[in-house]
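Residue-level structural notes
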Protein chains: 2
Amino acid sequence: MPAIAKSEHLYHEVADRIEELIARQALKVGDKLLSVRALSKEQGISLSTAFQAYYHLESKGLIEARPQSGYYVKFSPRHSLALPACCEPADEAMPVSLDDMITSVYNDLRSTNILSFSVSSPAPALLPVAKLKKSVVHSLNHETDHCLGYEHVQGNAGLRKQIAKLSFNWGGTPAEDEVVITAGCMEALTFSLKAVTQPGDAVAIESPTYSGIFRVMQSLGLHVVEIPTDPRHGLDLAYLETAIPRFQIKACLFVPNFNNPIGSCMPDAKKMQLVQLLAKREIPLIEDDIYGELYFGKTRPRTCKSFDKKGLVLHCSSFSKSLAPGYRIGWVLPGRFKQQVIGLKRMSNVATNTLAQVSIAHFLQNGRYELHLRHLRKALHTHSLQYLQAINEFFPSHTKVTQPEGGFVLWVEMYRKADGYKLHKRALRHGIGIAPGQLFSASQQFGNYFRISYGTPYSDKIEKALKTLGELVAGL
Amino acid sequence: MPAIAKSEHLYHEVADRIEELIARQALKVGDKLLSVRALSKEQGISLSTAFQAYYHLESKGLIEARPQSGYYVKFSPRHSLALPACCEPADEAMPVSLDDMITSVYNDLRSTNILSFSVSSPAPALLPVAKLKKSVVHSLNHETDHCLGYEHVQGNAGLRKQIAKLSFNWGGTPAEDEVVITAGCMEALTFSLKAVTQPGDAVAIESPTYSGIFRVMQSLGLHVVEIPTDPRHGLDLAYLETAIPRFQIKACLFVPNFNNPIGSCMPDAKKMQLVQLLAKREIPLIEDDIYGELYFGKTRPRTCKSFDKKGLVLHCSSFSKSLAPGYRIGWVLPGRFKQQVIGLKRMSNVATNTLAQVSIAHFLQNGRYELHLRHLRKALHTHSLQYLQAINEFFPSHTKVTQPEGGFVLWVEMYRKADGYKLHKRALRHGIGIAPGQLFSASQQFGNYFRISYGTPYSDKIEKALKTLGELVAGL
């Protein structure tokens, strides 16, 4: 192991142990920690490693340095607001109908110039602007036709190769020929749904789930069956098993890793169970893994695709949450539905933007993506703790909130009669954007919930906005 | 007028008059022209202007310089092969079914490394590579977030403004707010069809028409009614009028300017008639104007949109045929269907690539597009005459071929029993790609036709390939 990696490993280990003490409340909020010198002595580590460990915990918002005094426990992630409840199981498969309220909220979110907690994408400050720019300029100068020509309908071969390589991280071994490039993940999901369903079919989704999914399903004339989903371990498999025959479910669309908005991550063993359960019934599974790379733990959670033996899993993802939202580059590993998906791509928009594909391929080839992801994960983890702490501090004590282990968003449950849409409208008047819970269910559950994105680095301005939001929640 | 523009104007004028003489056969193929000196004297122009006029006519393939001898008429565009026939009117509205043959041909066209007359897009040599690159680099350096963020779902405001400005050329006066940006023209057409039809509806199209249209209609469950279309003046309006009640036509999708593959341009008065005819019946018209800027005449043909008073015309176009195929930037002016189209865009792929939009907007802002188009039109006009001449020379005398006044393609009719698909397969063996006529009809008409694109500059290699093609046609 190189020296730098070894020291990084060491301070992580020490920091993790301290974090564990805080979580078990062996160290409580307000407790003073050992001095850097004492820690170094106690643990038999260098002063610099001891300092790095504290610095790391500080950047995560767990401890704070008080001038002339030392380090103190600032926040305990486990000793905080409760987790939100699970949704009610479905009584019937229902056609999706999104009313004007939801459309209006969606427009507000995009068009108003506000401090937005409502968009689940990374702030530009978190993105590798300069290095990606270099890749674009390189591609303009060195590629055939300077990227002016049509790309192959299935996508740039170099990019497909890089995506195949990325898949090793989640236990996949696809060939580049199994990858189809799309204009973002929504397009991948849309083509996948079209490839495996007919209008009128019932499709199982997690509840709550991202409103964009409902819109696509509505446009394809599909019915949704909402499967209750736990903030920790994901969807209720037992319920799914009974729902399949009851609602004649023809396909599933799930977000196993850091589901939006609930942030749950299905344990890998459960993913395998799910894949087997569906394989037995020959039911296709569309897997939206757009947040999979944004894990806070030690290893990349696996994907359902990695357990797929029958080509029934259509694995969808993109670079929109991790690298370049505006480049609109996503992909799907469509398994046995590859020809249908390629056909849909060809007739929808012929091919995806050439320059963006070639540039991202170049960025990945040079190992820049892995490096960037390491920084991004650390930053998002820190944000999540900082935001959580502020919510702990400023929101009414009956508030419940998720503690995601990855992704971008917190899912907040208010008291039973509070109205997320009302909160949305009041918050807008203070220049604050949130996504009301009503957006995340076809059956209008979650009226007393809302979603907050922590994609923007924590600051005084953010803190002030969260404080205001807490007051608004209390006043509902 | 600056001196250069004035001299350019002058040699054009002289060249045009000579071209007219050739067209009227006052000057016949093989006739000797005045010497440069004599022309200069006769017309009262400088030697250099006289030379430029001849040079221009030579580059168009109309005259040739013979060493030690002078200039001779080489080709007469009006004295050549006959025009192809019109198609048969439809007997019924039919569901689209594209068989494996067509799919296989389409794959061949894309994947084989051949001298391709089959793709109707400009050769990279005709595109403003360096200047567009400058616009991309400028956008990377000077735009908010370096173009990494999501663009607005409706599209970049600057680009929409430029597209609105472009519309003045065809008699349009849209506000930028009426423009919706899409990932190319196919996407614009798809959203437009979705916005105005339901599965099972009958939609009128020109016959022959581009195969991509059939694919989209098939996927939307639409039925097509093929309207006979004349190579000179476009579709048969009288027939359309009777077909509307007979087939219960719910929408029309036409390419009034330089229809692919037939190259016809509907006279502006006829466009007005068409718009009025449909307006009276409240039938939406989807207008594909992707070739509209590539006219060879003196002025831009107008569009149906310019006659639209009721917001029933959805005007679609893109930069794919004129500037940057791989950038995938198109647009639609959806009239009264704007909200539906924006909704479809949002749920299909959220927004279009930011960098490509901003870069093209910058390119247009700087007046570079108009300049480029002038060059491109001239080049394509020249190619068209050069290709036509070769076909005249090398193809059997019973061959018929269109003489388009714009666009990219020639439509060739062989003798009645010849088979375009067979020609396609034989040509492939010689490393030559063509698009067989079968691709251009839902009712499998045009078996003895094929399409040739003249997007690639004429060369010895092209000439040899056209000669081979002529021999293959003769041997069918």
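Everything in this summary refers to the structure shown in the same document. Computed from a prediction, not measured in an experiment: that's the story for all the values here. (Residues numbered from 1 in each chain as written. Chains lettered and ligands numbered in written order. Predicted model: local features only at pLDDT ≥ 70, side-chain atom pairs only at ≥ 80, totals over all residues. Heavy atoms only, no water.)

Side note on the side chain of Ser320(B)
Definition in use: Put simply, DSSP H or I for four residues or longer makes a helix, DSSP E for two residues or longer makes a strand, and each gets a number counted from the N terminus. Think of it in three bands: residues with accessible area under 20% of the maximum for their type are buried, residues over 50% are exposed, and the middle band is partly exposed, with areas taken using a 1.4 Å probe on protein chains only. Contacts are assigned to residue pairs that have any heavy atoms within 4.5 Å of one another.
Looking at where Ser320(B) falls in the secondary structure, it is placed in the loop between strand S11 (313-318) and strand S12 (330-333). In this structure Ser320(B) comes out as buried when scored by relative accessible area, which is 2%. Those residues in contact with Ser320(B), other than ones at most four positions away along the chain, are Tyr150(A), Pro122(B), Pro325(B), Arg328(B) and Ile329(B).

Quick notes on the relation of the copies chain A and chain B
There are two copies of the chain, and a rotation about an axis plus a shift along that axis relates them. Threshold: C-alpha atoms of residues with pLDDT of at least 70 in both copies form the basis for the least-squares superposition of the copies.
Mapping chain A onto chain B leaves a residual RMSD of 0.4 Å; the transformation is a rotation of 179° accompanied by 0.1 Å of translation along its axis. On this basis, the relationship between the two copies can be described by a two-fold rotation axis. For chain A, the smallest separation between a C-alpha atom and the rotation axis is recorded for Val137(A), amounting to 3.4 Å. Comparing contact sets, 100% of the residues at the interface of chain A also lie at the interface in chain B, consistent with an isologous, same-surface contact.

So, the sheet that holds strand S17 (residues 449-453) of chain A
Residues and elements named next belong to chain A. Our working definition: By the convention used here, strands pair only if DSSP detects at least 2 bridges between them. Whenever a helix is involved, its axis is fitted only over the stretch in contact; in every case the axis is a line through C-alpha atoms, and angles between N-to-C directions fall within 0 to 180 degrees.
Spatially, four strands are ordered S13-S14-S17-S16 in an open sheet, and the strand pairing comes out antiparallel. The sheet is open, and its two borders are formed by strand S13 (400-401) and strand S16 (435-436), each paired with just one other strand. Against the sheet, helix H13 (residues 368-394) engages S13, strand S14 (409-413) and S17, with an angle of about 20° to S14.

Comments concerning the packing of helix H7 (residues 185-196) of chain B against helix H11 (residues 338-349) of chain B
Residue and element names in this part refer to chain B. We count it as follows: Roughly parallel refers to an angle under 35 degrees, roughly antiparallel to one over 145, roughly perpendicular to one between 65 and 115, and oblique to any angle outside these ranges. Definitions for this section: a left-handed crossing has its near helix turned counterclockwise from the far helix by less than a right angle. A right-handed crossing has that turn clockwise. The residue classification treats Ala, Val, Leu, Ile, Met, Phe, Trp, Tyr, Cys and Pro as nonpolar and Asp, Glu, Lys and Arg as charged. All others, Gly included, are polar.
It is the contact of H7 with H11, at a shortest axis distance of 9 Å, that shows an interaxial angle of 120°. Taken together, the axis directions place H7 and H11 in an arrangement best described as oblique. Crossing of H7 over H11 shows right-handed handedness. In this structure, H7 contributes Glu 187, Phe 191, Lys 194 and Ala 195 to the contact, and H11 contributes Gln 340, Val 341, Leu 344, Lys 345, Ser 348 and Asn 349. Taken together, the residues of the contact of H7 with H11 sort by class into four nonpolar, three polar and three charged.

Overview of helix H8 (residues 211-219) of chain B
All names here are of chain B. Within H8, seven of the nine residues are buried, leaving the element largely enclosed by the surrounding structure. Within the span of H8, buried status applies to Ser 211, Gly 212, Ile 213, Phe 214, Arg 215, Val 216 and Met 217. Just downstream of H8 lies Gly 221, where phi reads positive at about 70°.

Details of the layout of surface pockets
All names here are of chain A. Where we set the bar: Both site types are read off a 1 Å grid over the protein atoms alone. A 1.4 Å probe that fits but cannot get out defines a cavity, while an open set with protein on both sides within 12 Å along at least five of seven lines defines a pocket; lining residues have an atom within 4 Å of a point. Grid points are joined across faces, edges and corners, and a volume is the space filled by probe spheres set on the points.
If you add up the space inside the largest pocket, you get close to 1600 Å³. Taken together, 45 residues line the largest pocket, and the ones lying closest to its centre are Tyr 295, Phe 296, Gly 297, Lys 298 and His 381. Those elements that place two or more of their residues in the lining of the largest pocket are helix H1 (3-23), helix H10 (268-280) and H13. The dominant element in the lining of the largest pocket, judged by the number of residues it contributes, is H13, at nine residues. Considered class by class, the residues forming the lining of the largest pocket number 16 nonpolar, 13 polar and 16 charged.

Some details on the pattern of salt bridges
A pair can form between side chains of opposite charge whenever their charged atoms are brought close. All names here are of chain A. Filter applied, for reference: We define a salt bridge as a side-chain nitrogen of Lys or Arg found within 4 Å of a carboxyl oxygen belonging to Asp or Glu.
On inspection of all chains with the given rule, the structure shows 22 salt bridges over all chains. The shortest N-O distance in the salt bridge between Asp 16 and Lys 298 comes to 2.7 Å. Note that Asp 16 is positioned in helix H1 and Lys 298 in the loop between strand S10 (285-288) and strand S11 (313-318), a separation of 282 residues in sequence. Here Asp 16 falls in the partly exposed class, since its relative accessible area comes to 25%. Where Asp 289 meets Arg 300, a salt bridge forms, and the shortest distance between an N and an O atom there is 2.7 Å. Here Asp 289 is found in the loop between S10 and S11, whereas its partner Arg 300 is found in the loop between S10 and S11, with 11 residues between them in sequence. There is no split in this pair, since Asp 289 and Arg 300 are both buried.

Notes on the interface of chain A and chain B
So the rule is basically this: When two components associate, each loses some accessible surface as probed by a 1.4 Å sphere; the sum of these losses over both components is called the buried area. We define a polar contact as two N or O atoms separated by no more than 3.5 Å, with the added condition that, inside protein, one atom must be a possible hydrogen donor and the other a possible acceptor, whereas residues neighbouring each other in sequence contribute only through side-chain atom pairs.
At the interface, 47 residues of chain A touch 47 residues of chain B. Buried area between chain A and chain B, both sides added, is near 4200 Å², and the carbon and sulfur share of it is 62%. Inspection of the chain A/chain B interface yields zero salt bridges. Between the two partners, chain A and chain B, sit 16 residue pairs in polar contact (both at pLDDT 80 or more). Looking at the side of chain A that touches chain B, the elements with two or more residues in it are helix H4 (100-111), helix H5 (129-142), helix H7 (185-196), helix H8 (211-219), helix H11 (338-349) and helix H12 (354-365) of chain A.

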